[in-house]
Amino acid sequence: MKKFKFALDTVLSYKEQVLGVLQGEHAEAVARVRAQEELLEKLWREYRDCNEDYRDRALEGMPVTEALMYQSALRAAEQEIQRETKRLEELEAEAEKRREAMVEAKKETSSIEKLKEKKLEAYHKEEAKSEELFIEEFVSSTRAHAAS
């Protein structure tokens, strides 16, 4: 019996390559999300530190110009946090799109792999049946020669 050859091997290979690329893109998108989250944490820490300094200095008493500087810095920090939060949301949406594309590619690859497994299983059954027939014919012909 001839060797097993899956007709969709080239398609399977292509789908696996596409899946690999999509997994890499998803990993990069997730890394960008993590970096953005770290940046936001840093900005919030800086904001809280500045606010705490402002309150401490306000309790001690400070010139109006210094209070205005603190308030201006806090407003600027709030705006930056808002911008970076929006950027985080965009990055998360992009990561989700990449994840969905990766999941879809994985489904396609898995369905072709399952088909290949079924075809291979059918090939093995056919091969076993063929060997059984060969053995039966061999035994029959051996008995026929022995009887004559």
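Residues numbered from 1 in each chain as written. Predicted model: local features only at pLDDT ≥ 70, side-chain atom pairs only at ≥ 80, totals over all residues. Heavy atoms only, no water.

1. Structural notes on the nonpolar core
Quick reminder of the rule: What we call a nonpolar core is a set of buried Ala, Val, Leu, Ile, Met, Phe, Trp, Tyr and Cys residues that are connected through their side-chain atoms within 4.5 Å. Whether a residue is buried, partly exposed or exposed follows from its accessible area with a 1.4 Å probe, protein chains only, as a fraction of its type maximum: under 20%, in between, or over 50%, in that order. Only DSSP runs of H or I covering at least 4 residues are called helices, and only runs of E covering at least 2 are called strands; the numbering of each starts at the N terminus. The contact rule is simple, with two residues in contact once any of their heavy atoms fall within 4.5 Å.
Judged by nonpolar contacts, the single largest core of 15 residues is most densely connected at Val33, Tyr54, Met62, Tyr70, Leu74 and Ile81. Residue assignment for this core shows that the elements contributing at least two residues are α1 (9–60) and α2 (64–147). Residues within four places of tyrosine 54 in sequence aside, it is in contact with Met62, Ala67, Tyr70, Gln71 and Leu74.

2. Details of the pattern of salt bridges
Opposite charge on two side chains permits pairing when their charged atoms draw close. Note the following rule: Salt bridges are defined by distance alone: a side-chain nitrogen of Lys or Arg within 4 Å of a carboxyl oxygen of Asp or Glu.
Within this structure, the stated rule accounts for 12 salt bridges. With a shortest N-O distance of 2.8 Å, arginine 99 and glutamate 96 are connected by a salt bridge. You can see arginine 99 and its partner glutamate 96 sitting in helix α2, three residues apart, about one turn around the helix. Arginine 99 sits in the partly exposed class, given a relative accessible area of 35%. In the salt-bridge network here, residues are joined through shared partners; they are Glu25, Glu94, Lys97 and Arg98.

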